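Below are the chains, spelled out letter by letter.
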Amino acid sequence: MRYLILSDLHANWHALEAVLQDAAGHYDQALCLGDLVGYGGDPNEVVEWVRANCATVVRGNHDKASTGVDEEELEWFNPVARQAALWTFAALRPENAAYVSGLPQGPIAVNGFQLVHGSPFDEDEYVLNPEEAGQAFGYMESRLAFFGHTHVQGGFIWNHSRVEVIPRTPLRIGSQEMTIDPECAYMVNPGSVGQPRDGDPRAAYIVYDSETAVVTFHRLTYNVARAQERIRQVGLPDILADRLSVGR
Ligand code: ZN
């Protein structure tokens, strides 16, 4: 089975549309690691695609904050994220809001691997460096987990009690492959579709082939200007549009 794994879409329909065109024909099933909404200007379009096409979806912190599931989370948000969450709350059509607010908490097991938004022990925890990954590996129930939340493509490998960092796809390259070694454990981050923060503004996703045990990391350019235009058009803070150009 070839899985298209998407994370942190953040209501960026133009990025998602480009990813879907790029990935068309290369996967059998789509999975989502959460943060469908928040920050971007097209929450309904993104949620409707996920509703119709993703076999398994775990919720992200923005999905909770933007639908009133977790009002405490909203308190922790910075003013820009909070403004975006409140706008999303008002903009989501009732059936889409109901879907997002009902999304399950990760981790969820799928065919021998796990899906989680943040970390296997806390859906809202950021796994950003080898130390944090070292702790997280202790909570995994399989040797392979896919996570998001940091908006950084790559992840970590537990290699005979050492944690290695999976290198990011270089800026001039569209994709790179990694073969899963059954001797190691993996936390793999597809990166963010809708708001990359790893210094590469290209949309990010992965395809995982469970038969060949190959993960392919993808990056692709999309129409950033149109996504920015939507953010400004709906009255969200300018910084949410600006950051899409730099991937920070
Ligand atoms: Zn996110």
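For the structure, check the block above.
Residues numbered from 1 in each chain as written. Predicted model: local features only at pLDDT ≥ 70, side-chain atom pairs only at ≥ 80, totals over all residues. Heavy atoms only, no water.

Asks: Before we go on, may I ask you to explain the overall build of the protein in this structure?
Replies: Of regular secondary structure, the protein possesses nine helices and twelve strands. In terms of overall dimensions, the protein is globule-like: its C-alpha atoms have a radius of gyration of 17 Å, near the 18 Å expected for 248 residues. Structurally, the protein occupies a C-alpha span of about 50 × 35 × 30 Å along its principal axes. Counting all 248 residues of the protein, 56% fall into the buried class. Carbon and sulfur atoms provide 48% of the accessible area of the protein, an area that totals close to 10,500 Å². (Helix = DSSP H or I, 4+ residues; strand = E, 2+ residues; numbered from the N terminus. Rg over C-alpha atoms; globule rule 2.2 N^0.38 Å. Buried < 20%, exposed > 50% of the residue type's maximum accessible area, 1.4 Å probe, protein only. Areas by Shrake-Rupley, 256 points an atom, 1.4 Å probe, with all protein chains shown as cover.)

Asks: Mind showing me how you'd approach the packing of aromatic side chains here?
Replies: The relative placement of two aromatic rings is captured by the distance of their centres and the angle of their planes. On inspection of all chains with the given rule, the structure shows eight aromatic pairs. Look at Tyr-3 and Tyr-208: their rings are 6.3 Å apart centre to centre, the planes differ by 15°, and that puts the pair in the stacked class. Of the two residues, Tyr-3 sits in strand 1 (residues 2-6) while Tyr-208 sits in strand 11 (residues 203-209), which places them 205 residues apart along the sequence. Under the relative-accessibility criterion, Tyr-3 is labelled buried at 2%. Within the aromatic cluster, the residues linked to one another by ring pairs are Tyr-3, Phe-113, Phe-146 and Tyr-208. Directly above the ring of Tyr-39 sits Arg-243, whose terminal nitrogen or CZ lies 6.0 Å from the centroid. (Phe/Tyr/Trp six-rings, centres within 6.5 Å; stacked < 30°, edge-to-face > 60°. Lys NZ or Arg CZ within 6 Å of the ring centre and 35° of its normal.)

Asks: Would you mind showing me how to read the packing of helix 2 (residues 43-53) against helix 6 (residues 94-101) here?
Replies: When two helices pack together, you describe them by how their axes are tilted relative to each other and by the distance separating the axes. Across the interface, helix 2 lies against helix 6 with an axial gap of 10 Å and an inter-helix angle of 60°. Classified by the interaxial angle, the pair formed by helix 2 and helix 6 is oblique. Here helix 2 runs over helix 6; the crossing is left-handed. Residues Asn-44, Val-47, Glu-48, Val-50 and Arg-51 of helix 2 touch helix 6, and the partners they reach there are Glu-95, Asn-96, Tyr-99 and Val-100. Taken together, the residues of the contact of helix 2 with helix 6 break down into four nonpolar, two polar and three charged. (Axes fitted to C-alpha atoms, helices over the stretch in contact; angles between N-to-C directions. Parallel < 35°, antiparallel > 145°, perpendicular 65-115°, else oblique. Left-handed = near helix turned anticlockwise from the far one by under 90°. Contact = heavy atoms within 4.5 Å. Nonpolar A, V, L, I, M, F, W, Y, C, P; charged D, E, K, R; others polar.)

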